[in-house]
Each structure stands twice: as C-alpha cells, then as structure tokens.
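# Remarks on the overall topology
Residue strings, one per chain:
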Amino acid sequence: MAAEVSQGRARRRGGGGGAARVRPRSWCCSFAGAPQSPDLRPLPPAAAASPAGAGGGGGWGRKLPPKSPSAPSFHGSPTSSRLAGLGGLIDPRRILSPGRVSPIDPDESVPPRLPPPLLPPAPSPVVEAADAAPAERPAVSPAVAPLVVVREEVSSGDALDLSLFLRGRDGRCVKMELDSRVLCGCSAFFAAMAQREGAAVGGGGGGKRIEVDGVDNVEAFRAAVELMYAPDPMRWLAAAGMSRAIDLLEVCSSIMFDRGIKSCLAYIEAVPWSENEEEKLKSLFARCTFDEVISQDILARLRPHSWNSSEDLTVQLVQAVTCSTNSGARKDMQSLVNGLLSRSSVYQKDLSGINKESLYQICYSCLESLVDLFEEATESTEHTGQAVVVRGSKPLIERVSRETENLGWLFNILVNNDMAEEYVQLWATQVSLIRMHDQASSMIRYELSRISAVVFIALGKGKVQCRGDVRSHLFHGWFSRMLLDFGWLQRCSRGLDVRSLEENLGRALLTLPLKQQQCLFEEWFQCYASRGAECPNLIRAFQVWWRRSFGRSAVEVQRHGFS
C-alpha cells in the first residue's frame, strides 16, 4: 500500500508517461514556480520538444505544464487584456499573485527577450540630381528649392552635363550638377565661362566643370542659379522673401542674368519694404546700375521728386494739428509731429526744413483766436454772469483749452529748435490778455497761466536765453496771475508737472535783479501765508534770495575783521 502511494506521488510529480492525465494547476502563490497565466509567453521549442521527458528530471520541474482548457482564465481582467498585446516582452517570473509576493528563483531558466521591432530606415536625401533616376526624384516644392533644380523632363542621362563649384570667402563650397543649355542661355557670364571651359577640354562630349571662387554670398548665388530653372519666378521670389530678393538682384546683376533682374525688380516694386530693407535697396542702387526703364518705379519710391517741399509740408502739418477739433486725434498728431521734428529723430536729418517765420505766423493766429475767445468770455460774464457759452458745437471752455494747448505745444517745438526767444517776448507783451485775465472767470483764466507755466519752466531750466528786460516784463505781467491760478493748475494739471513748475519758477525768479526779486518775493510771502498749498512753494528760492541780499559772506567777514 505504501509502495502504491509513493508510486502515485512519483507519477503525479514526474509525469511518468504521456498516458497519465495531468491535473490543471489552480492559481496559487507557490514557491515552486510561476503560476499558469494566459499572458505568459510560450516556452521555447527546445524545452517543450518531448512531452514525456519529464520523468528523468526529478525534483522541481523546470518546465511549466501546458495550458489546459480547464485552467482558470483571466481574460476578463483589464490587466490581462493590456498585457496580452505586448508580444511576449514581459518576464513570466514577474506575473505573480495579486495579493502576495513570491520570490523569483535565480536559477530558473527564462527565455531571452525578443528585440524590439526595428523601424524601416528613412530614405536618404538626394544630394545631386545626376545620381538619382528621374522616377525616384522626390517632388520639389517651389517654395523651398533643392540643391539642384532641373525643371525639364529628359529621357537621356546627358542632360546634366555641367558641374558648377561655388567657393565662398568663408570657405563654404557648393557643388551643383546642371544643364549647360539652361545655364548658358540665361546668363552671359556663364555662357562665356562654359565656352572657355569647353575649348580647354577640347570640345569632347565629356562633362564641363566651372569653378567660381571668392563668392561673398554663396546662398544668394546658389539661389540665383536655381531661379533660372524656376517655372514661375514671381512665385519663387514670393516664397523667398523681400530681403533674399534684394540679395538675388545683386547676384543676377553680377552674372548678367537679365530675366532674373527683371523678375527681382518687379517683385521688389510690388511688395512693401521695411526700413532696413529700404536702406539695403538704397545701398544696392548706389553700387549697381540698372536699366532706368525697368527700375524707374523703384526709384520713384526711393527718391522724392522735390527736396524743397519739406518746409511747406511741415507748416501744413502743424497748421492741421492746431485746427483739429478732435482732442484724441490732436494728441496723436502732436506726438507724431514731435517725433518728426525732434533732433534725435531718425526721420529729421536737416533742421533747415523748419521755417521759423511760418511757425510764428501760426502762433500769431492762435493768439488772435485766444483773444477773441476771452473777449467773448468777458462779455458773457458781464451780461449773464456765466463763463461757459456754447456757440456752435463746442463750449467756450473747450475752445479756450484747445487754443492754450496749441500755444504750449508750439512753444515746445520752438524751444527744441532754439527759436523760442521771440515767443517769450511775445507772451510778455500780451497786455489785452493780462487785462482780460482779471475780468474773466477763474474757470477760464487759469488756462492763460498754463501758458505762463511752460514759459517759466523753460526759463528756469535754461533752455531759453532772453534779455533781462524781457524777463522782468514777463514776471511783472504774469507772476501775480500765476499765484492766483496755481490752485486750479494743481487740480486740472492735464500733463503739467506742478513740482517742476514750483522749482523752475523760483530759479527763473532768481535771474532778476535783487531789487525786483524782493518785490516779487514779498508778494509771494503774503500769498503763501494766506493761501498755503494753493500757492506755489518757493521757500528754497526765497532762502537763496535772503542769503544773497542780507547774508554776509566769509570774504566780507574777513575783510571787516582786519579793518
């Protein structure tokens, strides 16, 4: 009985023979081996060659039993379906129990991993058109030209009978296999070189070779040769761009490629230019000469017809700004004209285009309009007691504000061009406006002090150099009005730097004689003591005047000490 039991165990353990029915193994976490799984790879053929060879193995069987239809399946699980498509790339020792961890026998034989599938090799680019058959050439887009462009369909292999070598000054070399008929038919330069090379070879049927050394721009030279084979030059140039078209124009001129010159000029004339491209074109036309018949349209864009029209045009622009009734547009146009007339502007190269007399004529016109508006304001105040009168479409306050803004803007233009001395004298002698300032409402009269403010700031910064009598007359007429309107200027500054006004008003006041300074500082002191922040702060200038008037210098103290 014991012998039968041991024999049965040996039969179940070793497999005994092929007739014995092997009981399917259930999923377990046994240390004997990896469990049965539908995701395992099949065993190598050498391991499963003999179904009855397990009898002499003994001990732990190294082979996994064959998959049985009755074995538990896990195809319903998402993990199994996900692993089933990996093609046997997962080590069977890694597929263990989901709840427990089983050690891996280091001596267990595992089939070698299969190498990953190899991608098909990418096709190598065609470098020379003569090396590939016409049927194997890739399709060429007209936007990006290849190294060699052959547009004609040929059946024989003798079409590319010329080798062109380009050597740049930077050491770069380009080799091109070309059709000599197209190259020589387009360029007289290459036609002469090919004829000379053919005579040197002896007129045989062998291929010709042309070398061009010392090329400044190899890319532009190669592109000019490619342009000879382009079926639509304008579309080709449109894909290349404006900057490259200018380089091509220079190369086409050097190799006498007439069709390329006409195509480049036609394309350049039809597209807009940037400032850098315009300067590049001017430099090219200064170095190269083109037929005036085909380049006259470009020259009309590069060279103005009259060089003396900037003076009149400047006056027209300034006049248009001062007559503008749209506040937003007027601000934009003022900024534009300021940039055009600025000394640091890239557009204004010669200040002779600014006519001083014409600018002062516009100033006189604005002053006359301002006087008329204040006369209207004083009349309306006397009759109705109101300072705001609507005549037409714009209120009186808005019209006064526009004229004072124009006068301040014109003064800044004159200051920037060293022409403002007469303006200071003109403003100092406005007796009628000074008189009407005292009669007008504070809602309007402070606009006059806005003009005085920009004049005082320019004097304090030293941007305008006037005679002493002009400065004295200016302070005599407008200083007390500035003290009255300073509060309104603070509340309605509209771009006026009030702190700069306080500082430069004091500095300008210190340029007057000391006796006149004393009168003005006494007036300021009384106003500041009663109104405070509604009056400009001139304390620093007052201290300077006091020290200069009453303080004894060290030299005087030393002199009195020795006497």
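Residues numbered from 1 in each chain as written. Predicted model: local features only at pLDDT ≥ 70, side-chain atom pairs only at ≥ 80, totals over all residues. Heavy atoms only, no water.

### Thoughts on the overall build of the chain
Rules: Numbering of helices and strands runs from the N terminus; a helix is a DSSP stretch of H or I covering at least four residues, while a strand is a stretch of E covering at least two. A simple rule labels every residue: compare its accessible area, found with a 1.4 Å probe on the protein chains alone, to the largest value its type can have, and call it buried under 20%, exposed over 50%, or partly exposed in between. Note on contacts: a residue pair qualifies if any of its non-hydrogen atoms lie within 4.5 Å across the two residues. For the area figures, the Shrake-Rupley method with a 1.4 Å probe applies, and any residue is considered shielded solely by the protein chains shown.
Of regular secondary structure, the chain possesses 22 helices and 5 strands. The buried share of the chain, taken over its 563 residues, is 38%. Of the contacts formed within the chain by residues at least 6 apart in sequence, a portion of 70% connects residues at least 24 apart. Carbon and sulfur atoms make up 54% of the accessible area of the chain, which totals about 33300 Å².

### Remarks on the sheet that holds strand β3 (residues 208–215)
Where we set the bar: Two strands form a pair only when DSSP identifies at least two bridges running between them. Every angle, taken between N-to-C directions, lies between 0 and 180 degrees, and every axis is a line fitted to C-alpha atoms, over only the stretch in contact when it is a helix.
Reading across from one edge, β2-β1-β3 is the order of the 3 strands in this open sheet, with mixed pairing throughout. One side of each edge strand has no neighbouring strand; the edge strands of this open sheet are β2 (173–178) and β3. Strand-to-strand twist of the sheet, defined as the mean angle between neighbouring strand axes without regard to direction, takes the value 15°. Where strand β1 (residues 162–168) meets β3, 6 bridges bridge the pair, whose relative direction is parallel. Residue pairing for β3: Leu166 is matched across the bridge by Val212. Each of β1, β2 and β3 touches helix α5 (residues 218–228); the most contacted strand, β2, lies at about 5° to it.

### Re the packing of aromatic side chains
Test applied: Side-chain rings of Phe, Tyr and Trp, where Trp is taken by its six-membered ring, are said to pair if the distance between their centres is within 6.5 Å; with planes under 30 degrees apart they count as stacked, over 60 as edge-to-face, and otherwise as tilted.
By the definition in use, this model includes 20 aromatic pairs. Relative to Tyr423, the ring of Phe411 has its centre 4.8 Å away and its plane inclined at 45°; by these criteria the two rings are tilted. In this pair, Phe411 is assigned in helix α14 (residues 396–416) and Tyr423 in helix α15 (residues 421–428), connecting sequence segments 12 residues apart. Tyr423 carries the same exposure label as Phe411, and that label is buried. Summarising the aromatic geometry, the rings of Tyr446 and Trp488 are spaced 5.6 Å apart at their centres and angled 25° between planes, so their arrangement reads as stacked. Of this pair, Tyr446 sits in helix α17 (residues 442–461) while Trp488 sits in helix α18 (residues 468–491), and the two are 42 residues apart along the sequence. One aromatic cluster is present, formed by Phe521, Trp524, Phe525, Tyr528, Phe542, Trp545, Trp546 and Phe550 through successive ring pairs.

### Thoughts on the pairing of β2
Here β1 pairs with β2 via 6 bridges, running antiparallel. Looking at the pairing, Leu164 lines up with Met176 of β2. Between β1 and β2, which pair antiparallel in sequence order, lie 4 residues; one of them, Gly171, sits at a positive phi of approximately 95°.

### Considering the packing of α15 against α18
Formally: In what follows, roughly perpendicular refers to angles from 65 to 115 degrees, roughly parallel to angles under 35, roughly antiparallel to angles over 145, and oblique to any angle outside these ranges. Left-handed describes a crossing whose near helix is turned anticlockwise from the far helix through less than a right angle; right-handed describes the clockwise counterpart.
Two numbers describe how α15 lies on α18: the axes approach to 9 Å, and their chain directions differ by 40°. Between α15 and α18, the interaxial angle falls into the category oblique. You can see that α15 and α18 cross each other, and the crossing is left-handed. Every residue of α18 that contacts α15 at Val424, Gln425, Trp427 and Ala428 is listed here: Val470, His473, Leu474 and Trp478.

### Re unusual backbone geometry
The phi torsion at Asp418 lies on the positive side, around 60°, for a residue other than glycine. Looking at where Asp418 falls in the secondary structure, it is placed in the loop between α14 and α15. According to the relative accessible area criterion, Asp418 is exposed, its value standing at 55%.

### Overview of helix α10 (residues 292–302)
Given 3.6 residues to a turn, an α-helix orients residues that are three or four positions apart in the same direction. So the rule is basically this: Starting at the helix axis, one direction is taken to each C-beta atom, and the arc is that of these directions.
Listed as buried for α10 are Ser295, Ile298, Leu299 and Leu302. The buried side chains of α10 occupy one side of the element, clustering within an arc of 105° when seen end-on. Here the buried face of α10 lies against α8 (258–270) and α9 (275–287).

### Brief notes about the environment of Leu510
Topologically, Leu510 is positioned in the loop between α19 (498–509) and α20 (514–531). Overall, the relative accessible area of 17% leaves Leu510 in the buried class. The contact partners of Leu510, leaving out residues within four places of it in the chain, are Gln517, Phe521, Ala541, Val544, Trp545 and Arg548.

### Thoughts on the environment of Ala458
Inspection of the secondary structure assignment puts Ala458 in helix α17. Residue classification places Ala458 among the buried residues on the basis of a relative accessible area of 5%. Taking the C-alpha atoms as reference points, Ala458 and Leu505, separated by 47 residues in sequence, lie 9.3 Å from one another. When neighbours within four sequence positions are excluded, Ala458 is seen to be in contact with Phe411, Lys463 and Val464.

### So, the side chain of Ser187
Spelled out, the test is: For this analysis, a polar contact is any N or O atom pair within 3.5 Å, provided that within protein one partner can donate a hydrogen and the other can accept it, and provided that sequence-adjacent residues contribute only side-chain to side-chain pairs.
Topologically, Ser187 is positioned in the loop between α3 (180–186) and α4 (188–201). Among the residues examined, Ser187 registers a relative accessible area of 1% and is labelled buried. A distance of 3.3 Å separates a polar side-chain atom of Ser187 from the backbone nitrogen of Phe189. Every residue in contact with Ser187, bar those within four places of it in the chain, is listed here: Met228, Ile255 and Met256.

### Let's talk about the packing of helix α16 (residues 431–439) against α18
To keep it simple, the criterion reads: Only Asp, Glu, Lys and Arg are considered charged, only Ala, Val, Leu, Ile, Met, Phe, Trp, Tyr, Cys and Pro nonpolar, and every remaining residue, Gly among them, polar.
With their axes 11 Å apart at the nearest point, α16 and α18 run at an angle of 30° to one another. One element, α16, and the other, α18, form an angle in the roughly parallel class. Crossing of α16 against α18: the hand is left-handed. Across from Leu433, Ile434, His437 and Asp438 in α16, the residues of α18 making contact are Gly477, Trp478, Arg481 and Asp485. Taken together, the residues that form the contact of α16 with α18 break down as 3 nonpolar, 2 polar and 3 charged.

### Re the pattern of salt bridges
Put simply, the rule reads: For this analysis, a salt bridge means a side-chain nitrogen from Lys or Arg found within 4 Å of a carboxyl oxygen belonging to Asp or Glu.
Applying the stated criterion across every chain yields a total of 25 salt bridges. The closest approach of N and O atoms between Asp247 and Lys280, which form a salt bridge, is 3.0 Å. Residue Asp247 is found in helix α7 (residues 242–254), and its partner Lys280 is found in helix α9; the two are separated by 33 residues along the sequence. For Glu534, the salt bridge is made with Arg491, and the minimal N-O distance between the two is 3.2 Å.

### With respect to a negative patch on the surface
Definition in use: Residues forming no salt bridge and having over 30% relative accessible area are the ones grouped into patches, like charges within 9 Å of each other and nonpolar side chains (Val, Leu, Ile, Met, Phe, Trp, Tyr) within 5 Å. The sign given to each residue is positive for Lys and Arg and negative for Asp and Glu; His and the chain ends receive no count. Charge positions are represented by NZ for Lys, CZ for Arg, CG for Asp and CD for Glu.
On the surface, a cluster of negative charge is made up of Glu368, Asp372, Glu375 and Glu379. Looking at the secondary structure, you find Glu368 in helix α13 (residues 356–384). Its relative accessible area of 53% is what places Glu368 among the exposed residues.

### Re the confidence of the model for the chain
Short version of the rule: A score between 0 and 100, pLDDT records how confident the predictor is in each residue.
Overall, the prediction assigns the chain a mean pLDDT of 74, with 62% of residues at 70 or greater. Least confident of the elements in the chain is helix α2 (residues 78–83), whose mean pLDDT is 43; most confident is α19, at 96. For the stretch residues 44–90, pLDDT sits under 50, and the model shows 45 contacts to residues farther than four places along the chain or on other chains. Taken as a whole, residues 92–112 scores under 50 in pLDDT and shows 33 contacts with residues more than four places along the chain or in a different chain.

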